[in-house]
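Read off the chains here:
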Amino acid sequence: MIDGSIIVETVTRNTCSTDRLKDISLSGVLSWKMHCVSATSRYSGKQDPQEQSEIVNKHMEQKIDEVIMKGIFDLSSFEGLKDFYVYLCGHLSLVDIKIQKSSIKITVKCRTLEILERLWDDYCSGRLNAEAEKCLITENLKEELGMESIKLATTILEEDYLACKFSLMETAGEFHYL
């Protein structure tokens with residue numbers, strides 16, 4: 001993070017080498033994805049749930065594209081993201097927050113095992129997803145897209161969580177390979 005801004009990157013591939021995964025996990029970095037799983041149109045004639053979800057996902061990608069073109073995202077220019085950022089930094093104490101295109105992919109650095117566990121607890125309890133919806137799915141967004149409701153899904157892979165956990169344990173001297 002630089003002066004209240006989020007650095008944004010483009011994800012070129014969804015896969016990476018095991019060496020890269022090892023390097024990422026050793027640094028305490030964890031990623032998760034968010035995407036629209038359901039949306040209901042305000043107009044009764046447009047009720048194909050898959051089509052409505054795609055409209056929301058395309059809109060999110062378009063907003064991320066706009067941010068990527070600028071290189072650095074000014075939090076004051078994107079409604080709701082500032083509140084979500086405050087939750088991630090303030091409540092969860094996460095650092096180096098990055099947003100990437102691929103629905104929405106968020107990558108953060110967990111400086112301690114306690115921070116990672118707090119993030120995992122919020123994810124497992126549904127709070128992380130609830131905060132994302134509260135902050136990112138605004139009335140203005142629903143109005144702009146003509147949606148009555150929009151639901152997001154947040155996904156952290158357990159294997160990514162465990163890799164990050166083991167790397168933090170190893171860094172702290174709490175875990176040794178047999």
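Note that the coordinates shown come from a computational prediction; the quantities given were computed from them, not determined experimentally.

Asker: So, the overall build of the chain: which residues are in play, and what are the values?
Answerer: Within the chain one finds 7 helices and 6 strands. Within the chain, the fraction of its 178 residues that count as buried is 40%. Long-range pairs, those at least 24 residues apart, make up 74% of the contacts in the chain between residues at least 6 apart in sequence.

Asker: Would you mind going over the side chain of Ser167 in detail, with residue names and values included?
Answerer: Looking at the secondary structure, you find Ser167 in helix H7 (residues 158-171). Among the residues examined, Ser167 registers a relative accessible area of 3% and is labelled buried. At 2.7 Å, the side chain of Ser167 and the backbone oxygen of Cys164 are in polar contact.

Asker: I'd like a rundown of the nonpolar core, residues and numbers included.
Answerer: Ranked by internal contacts, the top residues of the largest apolar core, which has 40 residues, are Trp32, Phe84 and Leu119. In this view, Phe84 contacts Met34, Ile106, Leu128, Glu131, Ala132, Cys135 and Leu136; residues no more than four positions away in its chain are not counted.

Asker: I'd like a description of H7, backed by residues and values.
Answerer: In this model, H7 (14 residues) spans 20 Å end to end at C-alpha, consistent with the 20 Å of a helix rising 1.5 Å per residue. Turning to H7, its buried residues number three or more, namely Tyr161, Cys164, Ser167, Leu168 and Met169.

Asker: Report on the packing of helix H4 (residues 113-125) against H7, specifying residues and quantitative values.
Answerer: Contact geometry of H4 with H7 gives a least axis separation of 9 Å together with a crossing angle of 160°. When the axes of H4 and H7 are compared, the pair comes out roughly antiparallel. As for how H4 packs across H7, the hand of that crossing is left-handed. Residue-level contacts link Leu113, Leu116, Glu117 and Trp120 of H4 to Glu158, Tyr161, Cys164, Lys165, Leu168 and Met169 of H7. Tallied by class, the residues present in the contact of H4 with H7 amount to 7 nonpolar, no polar and 3 charged.

Asker: Requested: an account of the environment of Leu92, with residues and values cited.
Answerer: Its place among the elements puts Leu92 in the loop between helix H3 (81-91) and strand S4 (95-101). Apart from residues no more than four positions distant in its own chain, Leu92 is found in contact with Tyr87, Ile115, Arg118, Leu119, Asp122 and Leu128.

Asker: Please give an account of unusual backbone geometry that cites residues and values.
Answerer: Within the chain, Ser93 stands out as a residue other than glycine whose phi angle is a positive 60°. Take Ser93: it is sitting in the loop between H3 and S4.

Asker: Run through helix H5 (residues 127-136), naming residues and quoting values.
Answerer: For H5, the tally of buried residues reaches 7 of 10 residues, placing the bulk of the element in the interior. Along H5, the residues that are buried comprise Leu128, Asn129, Glu131, Ala132, Glu133, Cys135 and Leu136.

What counts, and at which threshold
Residues numbered from 1 in each chain as written. Predicted model: local features only at pLDDT ≥ 70, side-chain atom pairs only at ≥ 80, totals over all residues. Heavy atoms only, no water. Helix = DSSP H or I, 4+ residues; strand = E, 2+ residues; numbered from the N terminus. Buried < 20%, exposed > 50% of the residue type's maximum accessible area, 1.4 Å probe, protein only. Contact = heavy atoms within 4.5 Å. Polar contact = N/O pair within 3.5 Å; in protein donor to acceptor, adjacent residues only side chain to side chain. Core = buried A, V, L, I, M, F, W, Y, C linked by side-chain atoms within 4.5 Å. Expected span 1.5 Å × (residues − 1). Axes fitted to C-alpha atoms, helices over the stretch in contact; angles between N-to-C directions. Parallel < 35°, antiparallel > 145°, perpendicular 65-115°, else oblique. Left-handed = near helix turned anticlockwise from the far one by under 90°. Nonpolar A, V, L, I, M, F, W, Y, C, P; charged D, E, K, R; others polar.

Any functional reading would require information beyond the geometric quantities listed.
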